[in-house]
Amino acid sequence: MKVLGIETSCDDTGVAIYDSEAGLLINRFSSQIDIHKIYGGVVPELAARDHIRKVIPLIDAVLKETGLDKSSLDAIAYTAGPGLVGALLVGATVGRSLAMALAIPAIGVHHMEGHLLSPMLENDAPQLPFLSLLVSGGHTMLVDVRSLGNYKILGETRDDAVGEAFDKFASVLDLPYPGGPSIEKCARYGQPGRFRFPRPMSGQATLDFSFSGLKTHAVMEVARHKLDEKTRADFAYAFQDAAIDALVVKLQRALKQTGYSEIIIAGGVGANKLLRERIDGLAKTLGVRAYFPSLELCTDNGAMIAYAGYLRLVSGYEENLDFSVFPRWSLESLPAIDNVIRFESDSIS
Ligand code: KG4
Ligand code: ZN
């Protein structure tokens, strides 16, 4: 079964083909960084317009590169939410129309379910159940992945997402968008200990996060200093150190609470090297295994949408021809994925 995956929830147009027999055939994306960087963040209308320009050429390109004809596709999965409504509508409309023209099923996928299941696409995949730390520009959550489609949110941010906090603080430091990689790069030259920022909510028993207090504290501290190269790097260091610490403290608590021995990290902030090092250190200390999907599966991508869509389709999940997108959509409201005995490629076709 070959499923075309289309991801257009935010600022990357992603298209991929997942084949239940051969695995992931192709995973391509078109970035909008150049469009949004002058504004220091994603401009929803510009994002939607660029998806319109890119999505069909990208579908054509992945078909050409894999040597497949449209007629060999068995289904189409697209991101139905959560995300920017205009951006979501582009992928949904194109996915639905193409599926109708080809007389194949289409399925709207939950973006975060895609992220949660993306590590399953790696050769060395985790075993369910596991704990997941989802860290992106729009989300920061700890999820108990009990079984396919059965997710319990253990904690989430009460205000800014961690990636959003990186992006906002980077613009205060006059660093380019997206802020996460910029702060990480700049922090390499920072002096440890010159500034120390608070680790919000880390002393509280809850598994929820908060990043707006850290951001406000950091912004006020910047206002008190002249922003030369060295000071900028010292601020980047202090911010990254505090934000990553705040994540790791809660992850440790969630591991203790669930007793799980496997954790997966997903979402764009999962690319951060310090986060990876600290989680690896924690995993060694606690004797658990940490899985980091490769960079192309960590950030927004069509592969995770194709795969999550495939799992739902083979479990008998069907959708009507009418469709909606869901800018806000609870992960816990998803129906369980039943009847999937073991999603090894050769057991289902
Ligand atoms: O998952 P993703 O690609 O898109 C969303 O669904 O949001 O995540 C993008 C976010 C941005 O906020 C970006 O600044 C952050 O991930 N990010 C990073 C790093 N690379 C990307 N944050 C910290 N360190 C990084 N190396
Ligand atoms: Zn995402």
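Values in this document were obtained by computation on a predicted structure and should not be read as measured data.

(A) The domain arrangement of the chain, seen in detail. Under the domain assignment used here, the chain contains domain 1 (2-116 + 300-333) and domain 2 (125-292). For domain 1 and domain 2, the distance between their C-alpha centroids amounts to 27 Å. Between domain 1 and domain 2, the residue contacts involve 16 residues of the former and 17 residues of the latter. Between domain 1 and domain 2, roughly 1,400 Å² of surface is buried when both sides are summed, and carbon and sulfur atoms account for 71% of that area. At the junction of domain 1 and domain 2, the tally comes to one salt bridge. With its nearest N and O atoms 3.9 Å apart, the salt bridge here joins glutamate 332 to lysine 152. One can count three residue pairs in polar contact (both at pLDDT 80 or more) joining domain 1 with domain 2.

(B) Spatial organisation of the site of ligand 1. In the region of ligand 1, 19 residues are neighbours, and Gly137, Asp167, Gly180, Glu184 and Gly268 sit closest. The contact in question runs from an oxygen atom of ligand 1 to an N or O atom on the backbone of glycine 137, over 2.8 Å. Relative to its free-state accessible area of 550 Å², ligand 1 is covered by the protein chains to the extent of 89%. Mapped onto the shell around ligand 1, the elements with two or more residues apiece are helix H4 (111-117), helix H5 (162-172) and helix H6 (179-187). The leading source of residues in the shell around ligand 1 is H6, at four residues.

(C) Structural detail: the sheet that holds strand S3 (residues 23-31). The mixed open sheet is built from five strands, whose spatial order is S3-S2-S1-S4-S5. Of all the strands in the sheet, just S3 and strand S5 (106-110) have a single pairing partner and so form its edges. Strand-to-strand twist across the sheet, computed as the mean angle between neighbouring axes with direction ignored, equals 20 degrees. In the packing of helix H2 (residues 44-66) onto the sheet, the strands contacted are strand S1 (2-7), strand S2 (12-19) and S3, and the crossing angle to S2 comes to about 30 degrees. Contacts between helix H3 (residues 85-102) and the sheet are confined to S1, strand S4 (75-81) and S5, with S4 contributing the most and set at about 160 degrees to the helix.

(D) Structural detail: the nonpolar core. Formed by 49 residues in total, the largest nonpolar core has its most connected members in Leu131, Leu142, Phe169, Phe197, Phe211, Phe239 and Ile279. With 14 residues, the top contributor of residues to this core is helix H8 (residues 229-258). Setting aside its immediate chain neighbours within four residues, leucine 131 contacts Leu142, Val143, Leu154, Leu251, Ala254, Leu255, Thr258, Tyr260, Glu262, Ile263 and Ile264. Counting 37 residues, the second-largest nonpolar core is a separate cluster that includes Tyr18, Tyr291, Leu297 and Leu311.

(E) Up close: the coordination of the zinc ion (ligand 2). Around the zinc ion (ligand 2), the protein contributes the donor atoms His111 (NE2), His115 (NE2) and Asp300 (OD), which lie 2.1 to 2.2 Å from the metal centre. Because the angles between the four donor atoms bound to the zinc ion (ligand 2) fall within 92 to 152 degrees, the donor set is best described as irregular. Taking relative accessible area as the criterion, histidine 111 reaches 6% and is therefore assigned buried. A relative accessible area of 1% means that histidine 115 is categorised as buried.

(F) Just the pattern of salt bridges, in detail. This model, assessed by the stated rule, comprises 23 salt bridges. The salt bridge partner of arginine 194 is aspartate 234, with a shortest N-O separation of 2.7 Å. Of the two residues, arginine 194 sits in the loop between H6 and helix H7 (212-223) while aspartate 234 sits in helix H8, which places them 40 residues apart along the sequence. Assessed through its relative accessible area of 0%, aspartate 234 is described here as buried. Linked by salt bridges that have partners in common, Asp160, Glu164, Lys168 and Lys215 make up one network.

Parameters and conventions
Residues numbered from 1 in each chain as written. Chains lettered and ligands numbered in written order. Predicted model: local features only at pLDDT ≥ 70, side-chain atom pairs only at ≥ 80, totals over all residues. Heavy atoms only, no water. Domains from an automatic or database assignment. Contact = heavy atoms within 4.5 Å. Buried area = accessible area lost by both parts, 1.4 Å probe. Salt bridge = Lys/Arg side-chain N within 4 Å of Asp/Glu carboxyl O. Polar contact = N/O pair within 3.5 Å; in protein donor to acceptor, adjacent residues only side chain to side chain. Near = heavy atom within 4 Å. Areas by Shrake-Rupley, 256 points an atom, 1.4 Å probe, with all protein chains shown as cover. Helix = DSSP H or I, 4+ residues; strand = E, 2+ residues; numbered from the N terminus. Pairing = 2+ DSSP bridges. Axes fitted to C-alpha atoms, helices over the stretch in contact; angles between N-to-C directions. Core = buried A, V, L, I, M, F, W, Y, C linked by side-chain atoms within 4.5 Å. Buried < 20%, exposed > 50% of the residue type's maximum accessible area, 1.4 Å probe, protein only. Donors = N, O, S within 2.8 Å, 3.2 Å for Na, K, Ca; no water. Tetrahedral: all angles 85-135°; square planar, octahedral: opposite > 155°, others 65-115°.

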